[in-house]
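A look at the structure
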Amino acid sequence: MNRRQKFYSIDRQRELGFRNERATRDAIVGSTDFMQRLKLEAKLDIHRGCVNTISWNDSGYRILSGSDDKQLCISDPYTRKKLTNIASGHRANIFSAKFMPMCNDSQIVSCSGDGQIAFNDVENSAHHGEHMFNCHYGTAYEVVTVPNDPYTFLSCGEDGTVRWFDLRIKNKCTKEECREDVLINCRRAVTSLAINPIMPYHLGVGCSDSSVRVFDRRMLGTRSTGNYSGRGVQGMFCRFCPSHLQNKYSRPTSLQYSTAGNEILVSYSSDYIYLFGADKSKKETVWEQQEGLSEISLGASGGSAIPDVDENPVVNPIKRLRLRGDWSDTGPKARPRAEQAGSQPRLTIIQRMSEMLTRWLDDTTSSHARRAAAASSGEAGHSQEQPLSDTAGPSTSQQTVLEEIKQDPPSEVLEEGAPEAETSTTG
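A few points on the structure. Quantities reported herein were computed from a predicted structural model and do not represent experimental measurements. (Residues numbered from 1 in each chain as written. Predicted model: local features only at pLDDT ≥ 70, side-chain atom pairs only at ≥ 80, totals over all residues. Heavy atoms only, no water.)

**A closer look at the sheet that holds strand β11 (residues 161–166)**
With antiparallel pairing, four strands are arranged side by side in an open sheet as β9-β10-β11-β12. Single-partner strands in this sheet number two, and they are β9 (140–145) and β12 (182–185). The mean inter-strand angle of the sheet, taken between neighbouring strand axes irrespective of direction, is 20°. Judged from the three bridges that link them, β11 and β12 form a sheet pairing that is antiparallel. Opposite arginine 163, over in β12, you have valine 182 as the bridge partner. (Pairing = 2+ DSSP bridges. Helix = DSSP H or I, 4+ residues; strand = E, 2+ residues; numbered from the N terminus. Axes fitted to C-alpha atoms, helices over the stretch in contact; angles between N-to-C directions.)

This is the structure:
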């Protein structure tokens with residue numbers, strides 16, 4: 001019996017009242033026939049802005065969602081009702097929110113575009129928005145919890161750091177540019193995280209250089225624990241990247257481990273979804289069978305075979321800008337149906353304009369940081385003789401984009417009455 005026949009056989013058995021959850025799961029996981037039969041069941045009218053994050057609780061009976069309206073909501077997907085509305089304390093778009101494990105869904109952590117992380121007790125409404133961590137500089141993209149650990153969680157952001165927080169030590173932090181909780185300094189924007197459900201000490205980290213790094217948290221520490229190393233490759237034992245994205249900057253917008261912990265699913269901005277094998281048994285099959293994927297393995301000690309340092313590390317990062325009409329964060333073809341017909345050239349130009357604006361601002365920030373460092377070390381005179389190509393104007397590739405825009409200007413680059421640029425919801 002092939003996979004398709006097995007699926008239809010299980011489906012008929014379920015209709016007759018026979019229940020075998022294991023056989024059902026084996027039949028539907030990875031089944032194209034099952035995916036094609038999925039349909040929209042209901043819509044929950046809960047938020048007043050774009051919903052950037054949803055998360056199920058452990059029992060599967062509650063959904064936690066966060067939105068551009070800066071509100072956190074808990075809803076029942078089966079009765080289709082909103083149960084709780086939480087004033088999060090965030091002042092910018094909420095990008096990620098999670099239930100803390102083993103706390104009866106009463107505690108929530110979330111992060112937003114202004115770099116703030118919030119810890120809220122659902123049942124203590126009088127103190128909602130009081131426990132805030134102002135540690136990240138720039139956008140905070142994601143928070144993840146550790147399985148079976150109700151006290152600790154991790155976060156990542158545009159400042160290139162992965163931070164580990166322990167609520168038993170502190171439940172808020174108001175220090176500016178705090179470095180006490182830095183677990184990993186990747187020296188490049190970190191846009192997504194994932195924890196292995198089978199081996200929770202394995203941490204997947206998606207960086208803005210298109211690569212996914214896997215770290216062993218047992219070899220890492222923070223300044224508050226007294227064993228912080230500061231090396232970007234400390235504890236890293238493997239790195240994955242699609243071959244055509246090598247030396248490019250396509251941000252991973254989401255990471256997810258399989259339930260067995262032996263595979264990582266990665267979604268890229270302006271690209272497709274890729275499946276990487278995370279253990280040795282998978283590396284010998286997955287990498288050889290799937291064209292366009294490559295992987296690099298390091299020793300368990302982190303190794304120095306692969307340099308993991310940016311030539312121009314980002315200092316004081318800014319939010320990534322995105323023009324209205326740029327849908328690159330959600331995939332190469334993920335545009336609203338109303339914009340699909342005859343709008344590909346215009347949207348391609350808008351996407352390139354967004355990337356160009358962000359690159360200009362990043363280059364300017366990095367240039368000022370390098371000059372300040374040179375001046376403080378007594379090399380100010382030499383730095384003044386350096387060419388000012390990074391701030392004097394657009395590069396050759398950027399001039400090409402400008403020439404294309406002049407020849408074929410988009411008719412509706414911005415919505416009428418809207419600001420010229422807005423921050424990206426997923427980085």
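**Looking at the packing of aromatic side chains**
One pass over the structure, following the stated rule, counts seven aromatic pairs. Taking the centre distance of 6.4 Å and the plane angle of 10° together, the rings of phenylalanine 95 and tyrosine 141 count as stacked. Of the two residues, phenylalanine 95 sits in strand β5 (residues 94–99) while tyrosine 141 sits in strand β9, which places them 46 residues apart along the sequence. For tyrosine 141, a relative accessible area of 6% corresponds to the buried category. On the numbers, 5.6 Å between centres and 80° between planes, the contact of tyrosine 268 with tyrosine 274 is edge-to-face. (Phe/Tyr/Trp six-rings, centres within 6.5 Å; stacked < 30°, edge-to-face > 60°. Buried < 20%, exposed > 50% of the residue type's maximum accessible area, 1.4 Å probe, protein only.)

**Brief notes about a nonpolar patch on the surface**
A cluster of nonpolar side chains, namely Trp56, Tyr61 and Tyr78, defines an oily patch on the protein surface of about 400 Å² accessible area. If you trace the backbone, tyrosine 61 turns up in the loop between β1 (51–56) and β2 (63–67). (Patch = residues over 30% accessible without salt bridge, like charges linked within 9 Å, V, L, I, M, F, W, Y side chains within 5 Å. Areas by Shrake-Rupley, 256 points an atom, 1.4 Å probe, with all protein chains shown as cover. Salt bridge = Lys/Arg side-chain N within 4 Å of Asp/Glu carboxyl O.)

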